[in-house]
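# Structural overview for review
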Amino acid sequence: MTLVYPGSFDPITNGHLDIIVRAACICDKLIVAVGNNESKRPAFTVEERVEMIRASIGDREDIEVTSFTGLLADFAKKVGARAVIKGLRAMSDFEYEFQMALLNKKLEPELETLFMMTSVQYSFLSSSAVKEIARNGGCIDGLVPDCIRERIARKLTCR
Ligand code: ADP
């Protein structure tokens, strides 16, 4: 079974990575799909975000990292995914995710949405918090994968 894990990943955090590793355990193939949504005014380009995810995952045949434009439901259908997997942190994630899951069900009735609970140590973590800390010169150790920490700090502090 193929699962799609979509998101902005601007940038990938240890919370995302935790979901990626755990989601890969319950499917044959996991496609991590970076949404190319310019209206969100991302700090990193799509290429940078894909590259940082690849570097964080390392060489794994069961995980593919790519980007998509347009509707997630169309992308998931095109790649033959049975379901979309989303991470859930607090109740505040729920309302939005609930709406998206129902909309995607309307667009593509065969496509399921699965939710995986965040690991408790990452429940406070978001890409926007990482950016805010890095922009202000704070320490992002333990919040993002070690191999991309310098890269994030460099890009965000010299803006
Ligand atoms: P963010 O909300 O950090 O900007 P994204 O839009 O990139 O993240 O989110 C992609 C997916 O990852 C969503 O399903 C989101 O709920 C999930 N996610 C984000 N941060 C975490 C975390 N710390 N733990 C679990 N899931 C997360």
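Data block above holds the structure.
The text that follows walks through the structure, step by step, so that each part is easy to find. Just so we're clear, the structure is a prediction, and the values are computed from it rather than from any experiment. One numbering rule holds for all chains: residues counted from 1, following each sequence as written. Local features in this predicted model are restricted to residues whose pLDDT is 70 or higher, and side-chain atom pairs enter the listing and the counts only when it is 80 or higher, whereas totals over whole chains, interfaces and linings include all residues. Note that the side-chain values use all heavy atoms of the structure and ignore hydrogens as well as water.

### Some details on the layout of surface pockets
- Points on a 1 Å grid, built from protein atoms alone, make a cavity when a 1.4 Å probe fits but cannot get out and make a pocket when they are open with protein on both sides within 12 Å along at least 5 of 7 lines; residues with an atom within 4 Å of a point are the lining residues. Grid points are joined across faces, edges and corners, and a volume is the space filled by probe spheres set on the points. Roughly 1200 Å³ of volume is contained in the largest pocket.
- Surrounding the largest pocket, 40 residues form its lining, Pro-6, Gly-7, Ser-8, Lys-40 and Lys-86 being those nearest its centre.
- Within the residue set of the lining of the largest pocket, elements represented by two or more residues are strand S1 (2-7), helix H1 (14-24), helix H3 (72-78), strand S4 (83-88), helix H4 (91-107) and helix H5 (127-135).
- Asp, Glu, Lys and Arg are counted as charged, while Ala, Val, Leu, Ile, Met, Phe, Trp, Tyr, Cys and Pro are counted as nonpolar; the rest, among them Gly, fall into the polar class. In terms of residue class, the lining of the largest pocket is built from 16 nonpolar, 16 polar and 8 charged. Only runs of H or I of at least four residues qualify as helices and only runs of E of at least two qualify as strands under DSSP, and these elements are numbered from the N terminus.

### Overview of the pattern of salt bridges
- Each reported salt bridge corresponds to a side-chain nitrogen of Lys or Arg within 4 Å of a carboxyl oxygen of Asp or Glu. Summed over the entire model, instances satisfying the criterion amount to 13 salt bridges.
- Glu-48 is paired through a salt bridge with Lys-155; the nearest N and O atoms lie 2.9 Å apart. Of this pair, Glu-48 sits in helix H2 (residues 46-57) while Lys-155 sits in helix H6 (residues 146-157), placing them 107 residues apart in sequence.
- Only protein chains enter the accessibility calculation, which uses a 1.4 Å probe; a residue is then buried when its area is under 20% of its type maximum, exposed when over 50%, and partly exposed in between. Since its relative accessible area comes to 25%, Lys-155 is described here as partly exposed.

### What to know about the side chain of Asn-104
- With respect to the helices, strands and loops of the structure, Asn-104 is situated in helix H4.
- Among the residues examined, Asn-104 registers a relative accessible area of 9% and is labelled buried.
- Discounting chain neighbours no more than four positions away, the residues touching Asn-104 are Leu-72 and Ala-73. Contact criterion: two residues are considered in contact whenever any of their non-hydrogen atoms come within 4.5 Å of each other.

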